[in-house]
Structures are given as structure tokens and as C-alpha cells.
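Survey of secondary and tertiary structure
What follows is each chain in one-letter form.
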Amino acid sequence: MSEYLVEDGTADRTAAVEPQLLRVFLATPSLRLTGPADGVFPLALRARVTALREALLGSGVRVFSSHHDQSWVARGAAESPRVPSTHRAVMTADVVVACVGSPLSSGVALELGWASAMRKPIILLVDRAVEHNPLVESLEEVCPVFPLAYDNSWSATALQQILVTALDWADNTIWPSADEMGATSAPTS
């Protein structure tokens, strides 16, 4: 951080504060619910998760995706315990972006439970054509939720623009402006 000199010759550190990148946890279905018995993560779902992650990264945020950060589950590879690092990632995230399918993935359900207990803003990417678990439908009663109908046909640009809008909502939910907090201007003499 740099220091800037102000008129009275003192150092002003506040002018040198750099904006913090939003930290996003990407909650996506696990292999057990979506994959075939042979243990290979389906390519269509892998492409969807990768497109979401790339759009988020392209939006200028930090992203934790257990499928990318902890490596894709591969045929013949033993699964390692993921709960401790995944829980830490949810704890340190500013917002959770969750792909909600039907049936609801047990991993996504667990991650949504952690996020809602921590009152994290949640962006839900849902398929409007399917009926969702009532617990998912009632999340907004305990934490801020921004539901988005997700469409696999979106272009990369459209996906990024839609996510930027949702991330702006999350950013304003986390750090409301002075006007939203009810601040008034300083009294004048």
C-alpha cells in the first residue's frame, strides 16, 4: 500500500486502499448423483461447471470450485475427504453461486445449508422446468437469495453479463451503500 501526502504534510493511507475482489464459492452437483456408476464425471455437466467458473473469473472475482480446485474425480482415483476444505471455502466466500437440480445433490444441499447458516448471499441457478426441494424454495427466509433461471443455451458473453448483474446484487447485499444504510450527509454550519 502506498502513502499519499496531503496538504498538511501528513500521510494519508485511506486513498491507497485497493478494492477487494469478491470471493465466490461455486456449488455444483457431485459425481455420486450425476455421474454414471463407473465414476466418470459427465462431460455435459463438466462443460456447464467450467463455463460457469470461466464466466465468474471473467467477471473479475475469485472463485472456489471444488471440481476445479480439488481436481475432477477420475476413473480409478480414490476420493479424498473434501469436507474440511470445502467448508473453509464456504466460510471465506462472500457469496455462493449454486447450481440447483432435481433431485438436489447432497453436496449442494450441504453447501447451501452452510451458506444459509452463515447468512451468505446465495445466487441460485435453477431450472424452472423442474420442481425443486421445498428447502431450496424457502432459503430466502433465512438469507439473501437471488434466483436465476439457468439456460444451457446461453452464450459465454450472455452468461457473463447475467452473472455480473447477480454479482452486483451480491456486492450491494454485502456492502450496502451509505444511502441504503440510511446515512445522511454531515450537518453544515
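Since the model is a prediction, treat every value here as computed from it, not as a measurement. (Residues numbered from 1 in each chain as written. Predicted model: local features only at pLDDT ≥ 70, side-chain atom pairs only at ≥ 80, totals over all residues. Heavy atoms only, no water.)

**Topic: the confidence of the model for the protein**
Summing up the model confidence of the protein, the mean pLDDT is 76 and the portion of residues at 70 or higher is 68%. Here strand β1 (residues 4–5) stands out as the least confident element of the protein, with mean pLDDT 44; strand β3 (residues 23–27) is the most confident, with 93. Within the model, pLDDT remains below 50 along residues 13–17, and this stretch shows six contacts once partners closer than five positions in the same chain are excluded. Across residues 72–78, confidence stays below pLDDT 50; counting only partners more than four residues off in sequence or on other chains, it has 13 contacts. (pLDDT = per-residue confidence, 0-100. Helix = DSSP H or I, 4+ residues; strand = E, 2+ residues; numbered from the N terminus. Contact = heavy atoms within 4.5 Å.)

**Regarding a negative patch on the surface**
A contiguous patch of negative charge, built from Glu131, Glu137, Glu140 and Glu141, is present on the exposed surface. Position of Glu141 relative to the elements: it lies in the loop between α6 (134–137) and β7 (145–149). (Patch = residues over 30% accessible without salt bridge, like charges linked within 9 Å, V, L, I, M, F, W, Y side chains within 5 Å. Areas by Shrake-Rupley, 256 points an atom, 1.4 Å probe, with all protein chains shown as cover. Salt bridge = Lys/Arg side-chain N within 4 Å of Asp/Glu carboxyl O. Lys, Arg positive; Asp, Glu negative; His and termini not counted. Charge placed at Lys NZ, Arg CZ, Asp CG, Glu CD.)

**Details of the nonpolar core**
Counting 22 residues, the largest nonpolar core has Leu52, Leu56, Ile123, Leu125 and Leu167 as the members making the most contacts within it. Of all the secondary-structure elements, those providing two or more residues to this core are β3, α2 (43–58), β5 (95–100), β6 (122–126) and α7 (156–174). Beyond its immediate sequence surroundings of up to four residues, Leu167 is in contact with Leu22, Val24, Leu56, Ser59, Val61, Val95 and Ile123. The next biggest cluster of nonpolar side chains, apart from the first, holds 20 residues, and it includes Ala27, Val96, Val108 and Leu124. (Core = buried A, V, L, I, M, F, W, Y, C linked by side-chain atoms within 4.5 Å. Buried < 20%, exposed > 50% of the residue type's maximum accessible area, 1.4 Å probe, protein only.)

**Concerning the pairing of β3**
Of all five residues making up β3, four are buried, and the element is well covered by its neighbours. Pairing geometry for β3 and strand β4 (residues 62–65), over four bridges, is parallel. From the neighbouring strand, Phe25 faces β4, where its bridge partner is Phe64. Where β3 and β5 come together, four bridges link them in parallel fashion. For Val24, the partnering residue across the bridge sits in β5 and is Val95. (Pairing = 2+ DSSP bridges.)

**Overview of the packing of α2 against α7**
Look at α2 against α7: their axes get within 9 Å of each other, and the N-to-C directions meet at 60 degrees. The angle between α2 and α7 falls in the class oblique. The hand of the α2/α7 crossing is right-handed. Of the residues in α7, those in contact with Ala51, Leu52, Ala55, Leu56 and Gly58 of α2 are Leu159, Gln160, Leu163 and Leu167. Tallied by class, the residues present in the contact of α2 with α7 amount to seven nonpolar, two polar and no charged. (Axes fitted to C-alpha atoms, helices over the stretch in contact; angles between N-to-C directions. Parallel < 35°, antiparallel > 145°, perpendicular 65-115°, else oblique. Left-handed = near helix turned anticlockwise from the far one by under 90°. Nonpolar A, V, L, I, M, F, W, Y, C, P; charged D, E, K, R; others polar.)

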